[in-house]
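# Understanding the architecture of this molecule
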Amino acid sequence: MKTPIQNSERRSFGRRPTYQHAEALMAKRAPVRCIVRDISISGAMLEFNEPISLPYRIQVRWEGSGLTANCE
């Protein structure tokens, strides 16, 4: 009997655990600090200090590097 493959194992890149300080940038709002907890080629998990309602599109800017990513 085969063991089912979990979704994360089927990804070519997979999710990589991280702990990177960043900011979520949103139109007409002040930047909100967050931590990027994991990242993959198609997404990232952001952790905020308190619950937050995010718009459909945000930009994430990593602290210290200036690297940004447009996110949905």
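Remember, predicted model here, so these are calculated numbers, not experimental data.

Turning our eyes to something else, we now look at the sheet that holds strand 5 (residues 68–71). Spatially, 3-2-1-4-5 is the arrangement adopted by the 5 strands of the open sheet, whose pairing is antiparallel. Of all the strands in the sheet, just strand 3 (43–47) and strand 5 have a single pairing partner and so form its edges. Strand-to-strand, the axes of this sheet are offset by a mean angle of 40°, without reference to chain direction. Alignment of strand 2 (residues 32–40) against strand 3, held across 5 bridges, turns out to be antiparallel.

Here we come to the environment of T18. Looking at where T18 falls in the secondary structure, it is placed in strand 1 (residues 16–25). Here T18 falls in the buried class, since its relative accessible area comes to 19%. A C-alpha to C-alpha distance of 6.4 Å links T18 and V36, two positions 18 residues apart in sequence. The residues contacting T18, other than those within four sequence positions of it, are V36, R37, D38 and I39.

Calculation notes
The written sequence of each chain sets the order in which its residues are numbered from 1. Confidence filtering applies because this is a predicted model: local features only for residues at pLDDT of at least 70, side-chain atom pairs given and counted only at 80 or more, and all residues used for totals across whole chains, interfaces and linings. For side-chain calculations, the full set of non-hydrogen atoms in the structure is used, while hydrogens and water are omitted. A pair of strands is considered paired only if DSSP assigns at least 2 bridges between the two. Secondary structure elements are defined from DSSP: runs of H or I of at least 4 residues count as helices, runs of E of at least 2 residues count as strands, and each element is numbered from the N terminus. Where helices are involved, their axes are fitted lines through C-alpha atoms of the stretch in contact, as for all axes, and angles between N-to-C directions lie from 0 to 180°. Think of it in three bands: with a 1.4 Å probe and only protein chains considered, a residue is buried below 20% of the maximum accessible area for its type, exposed above 50%, and partly exposed in between. Here, residues are in contact when the closest pair of their heavy atoms is within 4.5 Å.

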